[in-house]
Amino acid sequence: MFALVIGAASSGKSSFAEDLILHSPGNPRLYLACMEPFGEEGRRRVERHRSLRAGKGFQTLERYVDLRHLPVPAGCALLLEDLGNLTANERFRPDGAGPDTEEAVWQGICHLRRQAETLVIVSPEVFSGGSDWQG
């Protein structure tokens, strides 16, 4: 299974994604955290997410760039949290992909998909505007 969970900040998308992993095939259950915890607010957000998934059987991996070279067990269930942080890290970190961000992110996702039985990716909304949005 491959799923993309999109939503606004604090909308419950992480909890929804965790439930998808918990009810899907794949073992072990991996939580791939891409957010660097900058400042007090960042540390609070990371701690909140850790407490919410406590006791659910997730192994946490922290990786901020270069997912295409991340070793993950074949057949695992993997939750990538989140695509926005990963993209920003690849673009702006000194060890990131810089101008090749799009390709690096795409290759990383393809690598994870080949390895994982279940891959769920969490992403922030890419637009805003509500019900009157005219796309």
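Summarised in this report is the structure supplied together with it. (Residues numbered from 1 in each chain as written. Predicted model: local features only at pLDDT ≥ 70, side-chain atom pairs only at ≥ 80, totals over all residues. Heavy atoms only, no water.)

With that out of the way, let us pick up the sheet that holds strand β5 (residues 118–124). If you trace the 5 strands from one edge of the open sheet to the other, you get β1-β5-β4-β2-β3, paired in parallel fashion. At either end of the open sheet lies a strand with only one pairing partner, and these are β1 (2–7) and β3 (58–62). Along the sheet, successive strands turn relative to each other by an average axial angle of 20°, direction set aside. Judged from the 5 bridges that link them, strand β2 (residues 29–33) and strand β4 (residues 77–81) form a sheet pairing that is parallel. Directly across from R29, in β4, lies its bridge partner A77. (Pairing = 2+ DSSP bridges. Helix = DSSP H or I, 4+ residues; strand = E, 2+ residues; numbered from the N terminus. Axes fitted to C-alpha atoms, helices over the stretch in contact; angles between N-to-C directions.)

On to helix α1 (residues 13–22). Every buried residue of α1 is accounted for by K13, S14, A17, E18 and I21. All buried residues of α1 project into a common sector of 135° when viewed along the axis, lining one side. Packed against the buried residues of α1 are β1, β2, α2 (39–53), β3, β4 and β5. (Buried < 20%, exposed > 50% of the residue type's maximum accessible area, 1.4 Å probe, protein only. Arc of directions from axis to C-beta. Contact = heavy atoms within 4.5 Å.)

This part covers α2. Between the first and last C-alpha of α2 there are 22 Å, a value that for 15 residues agrees with the 21 Å anticipated at 1.5 Å per step. Listing the buried residues of α2 in full gives G42, V46, H49 and R53. Buried residues of α2, viewed axially, fall in a sector of 60°; they line one side. Where α2 is buried, its residues meet α1, β2, β3 and β4. At the C-terminal side of α2, G55 shows a positive phi close to 80°. (Expected span 1.5 Å × (residues − 1).)

As for its position among the elements, P94 is in the loop between α3 (83–92) and α4 (101–115). Looking at P94, the relative accessible area reads 86%, which means it is exposed. C-alpha of P94 to C-alpha of G84: the two residues are 10 residues apart in sequence and 17 Å apart in space.

For the rest of this paragraph, the subject is unusual backbone geometry. Going from N27 to P28, the amide bond is cis rather than trans, its omega being 5°. Along the chain, P28 falls in the loop between α1 and β2. With omega at -10°, the peptide bond leading from E81 into D82 counts as cis. Of note, the phi angle at S10 is positive, near 60°, even though the residue is not glycine. Turning to its location among the elements, S10 is positioned in the loop between β1 and α1.

Burial runs high along β4: 5 of the 5 residues are buried. Side chains of β4 alternate between two faces, with A77, L79 and E81 and L78 and L80 buried alike. Across 5 bridges, the pairing between β4 and β5 is parallel. Pairing of A77 across the sheet is with T118, part of β5.

Function-wise, these values are silent; they only describe arrangement.
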